[in-house]
Amino acid sequence: MQSKLFTPFKIGNIEIKNRIIMAPMCMYEVKKEDGRPRCFHRLHYSTRAIGGVGMIIVEATAVEPRGRISKKDLGLWSDEQIEAHAELVKGCSKYGAKMAVQLAHAGRKGTCDGIIAPSEIKFSDDYATPKKMSTKEIANVKQSFIDAAVRAKNAGYEAVEIHAAHGYLINQFLCAGTNKRDDNYGGSFENRIRFLLEILKEIKAGVNIAVGVRISAGSWLKGDWDIEDSIKLARELEKNGADFMHVSAGGIYANVDVAPKFTPLYQAGYAKAVKNAVNIPVIAVGLITKASECEALLLGGVCDGVALGRELLRNPYFAFGAMKEFGEDENIENAYKRAY
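Because the structure is a prediction, the values reported are computed rather than measured.

Participant: Help me understand the packing of aromatic side chains in this model?
Facilitator: How two aromatic rings sit relative to each other is set out by the distance from centre to centre and by the angle between their planes. Scanning the model with the defined rule gives 10 aromatic pairs in all. Judged by centre distance (6.4 Å) and plane angle (80°), the rings of F173 and Y185 are edge-to-face. With F173 in helix α4 (residues 169-174) and Y185 in the loop between α4 and α5 (189-192), the pair connects residues that are 12 residues apart, well separated along the chain. Overall, F173 belongs to the buried group, its relative accessible area being 1%. Here the aromatic rings of W220 and F262 are separated by 5.6 Å at their centres, their planes lie at 40°, and the arrangement is tilted. Remark: F262 occurs in the loop between β11 (244-248) and α8 (268-275) and W220 occurs in the loop between β10 (210-216) and α7 (227-239); sequence separation between them is 42 residues. Cluster of aromatic residues (ring-pair linked, three or more members): Y317, F320, Y336 and Y340. The ring of F123 is capped by K109, whose NZ or CZ atom sits 4.7 Å from the centre of that ring.

Participant: Teacher, can you tell me more about α7 here?
Facilitator: The α-helix winds at 3.6 residues per turn, so residues separated by three or four positions along the chain end up facing the same way. Over its 13 residues, α7 runs 18 Å from end to end, which matches the ideal 18 Å to within 8%, given 1.5 Å per residue. Residues of α7 that are buried sit in contact with α4, α5, α6 (194-206), β10, β11 and α8. You can read the cap of α7 off the contacts: a side-chain oxygen lies 3.1 Å from the backbone nitrogen of E228, and it is on D226. With its phi angle positive at about 105°, G241 sits one or two positions after the end of α7.

Participant: Honestly, empty space enclosed by the protein in this entry has me stumped. Any pointers?
Facilitator: Take a probe with the size of a water molecule and roll it over the atoms, and the empty space left behind shows itself. Applying the stated criterion across every chain yields a total of one cavity of 30 Å³ or more. In this structure, the largest cavity encloses a volume near 50 Å³. In this structure, the largest cavity is lined by A60, T61, A62, G67, R68, I69, D73, A104, H105, A106, H163 and Y168. Per element, the largest residue contribution to the lining of the largest cavity is three residues, and it comes from strand β4 (residues 55-62). Class assignment of the residues belonging to the lining of the largest cavity gives a composition of six nonpolar, four polar and two charged.

Participant: When you look at the environment of F318 in this model, what are you seeing that I'm missing?
Facilitator: Within the secondary structure, F318 sits in helix α11 (residues 318-325). Separated by 196 residues in sequence, F318 and K122 have C-alpha atoms that sit 39 Å apart. Apart from residues no more than four positions distant in its own chain, F318 is found in contact with I20, T289, K290, A291, C294, L308, E311 and L312.

Participant: Is there a simple way to think about the packing of helix α2 (residues 82-93) against helix α3 (residues 135-155) in this case?
Facilitator: Where α2 meets α3, the axes come as close as 8 Å, and the angle between the chain directions of the two elements is 50°. As judged from the angle between their axes, α2 and α3 are oblique. Between α2 and α3 the crossing geometry is right-handed. In contact with I82, H85, A86 and V89 of α2, α3 contributes R151, N154 and A155.

Participant: In this structure, what is going on with the nonpolar core? I would like to understand it.
Facilitator: Nonpolar side chains tend to gather and get buried jointly when the protein is soluble and globular. If you look at the biggest cluster of nonpolar residues, it comprises 94 residues, and the most contacted ones within it are I56, I162 and M245. Among the elements that take part in this core, α3 stands out by supplying eight residues, more than any other. Here I162 is in contact with L103, F145, I170, L196, I199, L200, I203, V211, G212, V213 and R214, once residues within four sequence places are set aside.

Participant: Just to check I follow, could you spell out unusual backbone geometry for this structure?
Facilitator: Leave glycine aside and you will find that most residues have negative phi; peptide bonds, for their part, are mostly trans. With a phi close to 50°, Y28 is a non-glycine residue in the positive phi region. Counting through the fold element by element, Y28 comes out in the loop between β3 (20-22) and α1 (39-50). Y28 sits in the partly exposed class, given a relative accessible area of 37%. Of note in this structure, E33 is not a glycine but carries a positive phi near 60°. With respect to the element layout, E33 can be found in the loop between β3 and α1.

Participant: Looking at this model, I keep getting lost on the side chain of Q172. Mind explaining?
Facilitator: In this fold, Q172 is placed in helix α4. In terms of polar contacts, Q172 uses its side chain to reach the backbone amide nitrogen of R108, at 3.1 Å. With residues near it in sequence (within four places) discarded, Q172 still touches A106, G107, R108, K109, I116, A117, P118, G167, T178 and N179.

Cut-offs applied
- Residues numbered from 1 in each chain as written.
- Predicted model: local features only at pLDDT ≥ 70, side-chain atom pairs only at ≥ 80, totals over all residues.
- Heavy atoms only, no water.
- Phe/Tyr/Trp six-rings, centres within 6.5 Å; stacked < 30°, edge-to-face > 60°.
- Helix = DSSP H or I, 4+ residues; strand = E, 2+ residues; numbered from the N terminus.
- Buried < 20%, exposed > 50% of the residue type's maximum accessible area, 1.4 Å probe, protein only.
- Lys NZ or Arg CZ within 6 Å of the ring centre and 35° of its normal.
- Expected span 1.5 Å × (residues − 1).
- Contact = heavy atoms within 4.5 Å.
- Polar contact = N/O pair within 3.5 Å; in protein donor to acceptor, adjacent residues only side chain to side chain.
- 1 Å grid on protein atoms, 1.4 Å probe; cavity = no way out; pocket = protein on both sides within 12 Å on 5 of 7 lines; lining within 4 Å.
- Points joined across faces, edges and corners; volume = space filled by probe spheres on them.
- Nonpolar A, V, L, I, M, F, W, Y, C, P; charged D, E, K, R; others polar.
- Axes fitted to C-alpha atoms, helices over the stretch in contact; angles between N-to-C directions.
- Parallel < 35°, antiparallel > 145°, perpendicular 65-115°, else oblique.
- Left-handed = near helix turned anticlockwise from the far one by under 90°.
- Core = buried A, V, L, I, M, F, W, Y, C linked by side-chain atoms within 4.5 Å.

This is the structure we're talking about:
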């Protein structure tokens, strides 16, 4: 009997050969501050593609220079970056991995010059105070996301993931504690989600590419963003064309009061709550390190895809080990079978 982990599934019109997803993880390996993938990135990601990963979501890729988390981040803010991304995509796609890229803006959690945010509230004493965005800047950043999605499509990516998690710019708009605006982008829940919804809708209208959203299901601060807010948001995202949800948590505040214990599968409950509320595929993430855990999450109806982060850093060939464990050795890449 075939495992659920190695059955194909679809995101939009993309058929993914299995349910192992490489979570986006910043590598901080850009050398010339030009945002372009280099040899490291091509080798890093293609190794996981050879290792059998179904879909790779390339690390947070900035839509404008001031939106970088660090000066060593990838970018898609310029047409000059397309070619290097295309080489990266080509090198992974030929081994069967579907390629997505996470489009991101760090907002107040950036460390480059000129950081911006919905409100002038710094993340912590280690960060600068951001400039409050004008309505014109909001429009310009939205356009930067759309332009980056166009470049992603031109580079060969089949999907983009809008980064609305972990306390970065879009997440800052969502949370009442970081968004003190009194215009159409602040105050009510509907106003705070407006920036994200407009980005999603405009990408969907302007670019023929699958679009997903990564969220922090809870801010871990009492009285702030919680799983009920995330369920409401997920339903709105689905209504407005989102092709998948990727459910993480935390990262919004430097000091929190209701954080869970960081134990295996500690975020799975968030993913299940979102999955129960929408009909689009949901990806779970968070200290998932074993094939048996992946299978249990899938069979338990928690998610449709399982994102692995640090485990794939430790073991690019996780999928082969899982194939062996489930008695599906015939799917192991031929050149590696002798090791299993």
